[in-house]
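Commentary on secondary and tertiary structure
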Amino acid sequence: FGAGVEIAPNAVMHDGRLDLTILHDVSALRLLRSLPRFYAGRHVSLDGVSTYRGRQVTVQPFTDQPVWLEADGEWIGQLPVTVEVVPEAIRLQY
């Protein structure tokens, strides 16, 4: 994640699972107060933060209003979206 934020601190690159972190409705002030915890990877225990793991995830909007999807800092489309792990689809060196 950008600027050193550990958005999914428990993620393992080679475990074949997606790690999803959701920040629910949180005020800007509360988010600012919690920013140090995001940088330290300790935000996952905060109220309003949920984490999930799986090989496939489908995200759907709650309403008919468009919800834009962003990945790695780029706008890539709108919800709904299904994302799936494809084992050994790309080779990563780390």
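Our subject is the structure listed above.
As the structure is a prediction and not an experimental result, all values here were calculated from the model.

Tallied over the entire structure, the rule returns three salt bridges. One salt bridge connects Asp15 with Arg53, and the closest N-O pair in it is separated by 3.9 Å. Here Arg53 lies in strand β2 (residues 49-54) and Asp15 lies in the segment before β1 (18-23), a separation of 38 residues in the sequence. Residue class for Asp15 comes out partly exposed when judged on its relative accessible area of 22%. Taking relative accessible area as the criterion, Arg53 reaches 38% and is therefore assigned partly exposed. Arg53 is paired through a salt bridge with Asp19; the nearest N and O atoms lie 2.7 Å apart.

Here the residue pair Leu79 and Pro80 is connected by a cis peptide bond, since its omega of 5 degrees sits within 30 degrees of zero. Note on placement: Pro80 falls in the loop between β5 (74-78) and β6 (81-84).

Turning our eyes to something else, we now look at a nonpolar patch on the surface. Residues Met13, Ile90, Leu92 and Tyr94 make up a contiguous nonpolar surface patch of roughly 520 Å² in combined accessible area. Residue position: Ile90 is located in the segment after β6.

Conventions and cut-offs
- Residues numbered from 1 in each chain as written.
- Predicted model: local features only at pLDDT ≥ 70, side-chain atom pairs only at ≥ 80, totals over all residues.
- Heavy atoms only, no water.
- Salt bridge = Lys/Arg side-chain N within 4 Å of Asp/Glu carboxyl O.
- Helix = DSSP H or I, 4+ residues; strand = E, 2+ residues; numbered from the N terminus.
- Buried < 20%, exposed > 50% of the residue type's maximum accessible area, 1.4 Å probe, protein only.
- Patch = residues over 30% accessible without salt bridge, like charges linked within 9 Å, V, L, I, M, F, W, Y side chains within 5 Å.
- Areas by Shrake-Rupley, 256 points an atom, 1.4 Å probe, with all protein chains shown as cover.

Functional significance is not addressed by these values, which are geometric in nature.
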